Amino acid sequence: MLLHELEKYTGQLLQIDRFKDYAPNGVQIEGRATITRIVCGVSASEALIDAAIEQHADAILVHHGYFWRGEDPRLLGAKRRRIAKLLAHNISLLAYHLPLDAHAELGNNAQLGRRLGLAADSRFGEQDLGWAGTLPSETTLGEFAQLIEAQLGRTPLVIGDPARTIARVGWCTGGAQGYFPDAIAAGCDAYLTGEASEQHYHVAMESGVAFIAAGHHATERYGVQALAAHLADQFGLTQHYVDLPNPI
Ligand SMILES: [Zn+2]
């Protein structure tokens, strides 16, 4: 299919115009006009580009692309190398950031929630990116942490009494630790995100609301896979997810 048609369809599917984002959503680097094979991953690192070259991909689909607001715009060093490789191999880069966090079925929050038995019944935080829902059965914080570990293959950082019973969980994948106060205000018993900041230890201890950081990469692996699978189904494309482990 044509790159610009894929971009148009995906932009409408993810309602990219609804979001104020920190980077462009859609085609960030234009490669060949026709797409049959997609490689997807969480971040457009050089290792992901190398994998795409090896697999003769026409396009790379990621959650974390390039051209972030406030970054140095010059093409130097590692950034030059990445972009030079994409251009040399005529591979397009498509990136979807906040719209891919937020999509009701294919998004990172939806896909993570599904793995943890959570469905959202309310939203909180900036641009309603935080989701909240009630666990299907009474669970202790320790049991919930074990479920996260089993599903994500990674031991989460958990601040709170593991014996405490939790029912309402707020979550937002990635670097959304800043929404912890919003989750508390929304009445959550625990808040799950990817990364942690120092002050959230104290906020958790003093509020009695548990804080869980399960990894930025680990919590954001699923949206891009769901999106790539959907696009492949819809248009008869080949897609392959490349997991490049990241401890953060
Ligand atoms: Zn992210």
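None of the values given here were measured: they were computed from a predicted structure. (Residues numbered from 1 in each chain as written. Predicted model: local features only at pLDDT ≥ 70, side-chain atom pairs only at ≥ 80, totals over all residues. Heavy atoms only, no water.)

(A) Spatial organisation of the pattern of salt bridges. The tally for this structure, following the rule as stated, stands at seven salt bridges. Residues participating in the shared-partner salt-bridge network are Glu46, Asp50, Arg81 and Lys85. (Salt bridge = Lys/Arg side-chain N within 4 Å of Asp/Glu carboxyl O.)

(B) Highlighting the packing of aromatic side chains. Counted according to the given criterion, the structure contains seven aromatic pairs. Their ring planes at 90° and their centres at 4.9 Å tell us that Tyr9 and Phe235 sit as a pair that is edge-to-face. Highlighted residues: Tyr9 in helix 1 (residues 3-13) and Phe235 in helix 10 (residues 222-235), separated in sequence by 226 residues. Using a relative accessible area of 31% as the deciding quantity, one classes Phe235 as partly exposed. Taken together, a centroid distance of 6.0 Å and an interplanar angle of 90° make the contact between Tyr66 and Phe67 edge-to-face. An aromatic cluster of at least three residues, connected via ring pairs, comprises Phe124, Phe180, Tyr191 and Phe211. Its end group placed over the ring of Tyr222, Arg115 keeps NZ or CZ at 3.9 Å from the ring centre. Cation over ring: Arg123 sits above Trp131, and NZ or CZ is 4.0 Å from the ring centre. (Phe/Tyr/Trp six-rings, centres within 6.5 Å; stacked < 30°, edge-to-face > 60°. Helix = DSSP H or I, 4+ residues; strand = E, 2+ residues; numbered from the N terminus. Buried < 20%, exposed > 50% of the residue type's maximum accessible area, 1.4 Å probe, protein only. Lys NZ or Arg CZ within 6 Å of the ring centre and 35° of its normal.)

(C) Region of interest: the coordination of the zinc ion. Within the protein, the zinc ion binds to His64 (NE2), His216 (NE2) and Glu220 (OE); these donor distances fall in the range 2.0 to 2.1 Å. Expressed as a motif, the donor residue spacing for the zinc ion is H-x151-H-x3-E. Pair noted here: His64 is in strand 3 (residues 59-64) and His216 is in helix 9 (residues 216-219), with a separation of 152 residues, a long-range link. The residues His64 and His216 share a single accessibility class, namely buried. (Donors = N, O, S within 2.8 Å, 3.2 Å for Na, K, Ca; no water.)

(D) Up close: the sheet that holds strand 8 (residues 165-171). Across the sheet, six strands lie side by side as 5-6-8-9-10-7; this open sheet has mixed pairing. Each edge of the open sheet is held by one strand with a lone partner, namely strand 5 (122-124) and strand 7 (157-159). In this sheet, adjacent strand axes meet at a mean angle of 30° when their direction is disregarded. Note that strand 8 and strand 9 (residues 190-193) share three bridges and pair parallel. The partner of Val169 across the bridge, within strand 9, is Ala190. Helix 6 (residues 141-152) rests against strand 6 (130-140), strand 7, strand 8, strand 9 and strand 10 (210-213) of the sheet, and its axis sits at about 115° to strand 6. (Pairing = 2+ DSSP bridges. Axes fitted to C-alpha atoms, helices over the stretch in contact; angles between N-to-C directions. Contact = heavy atoms within 4.5 Å.)

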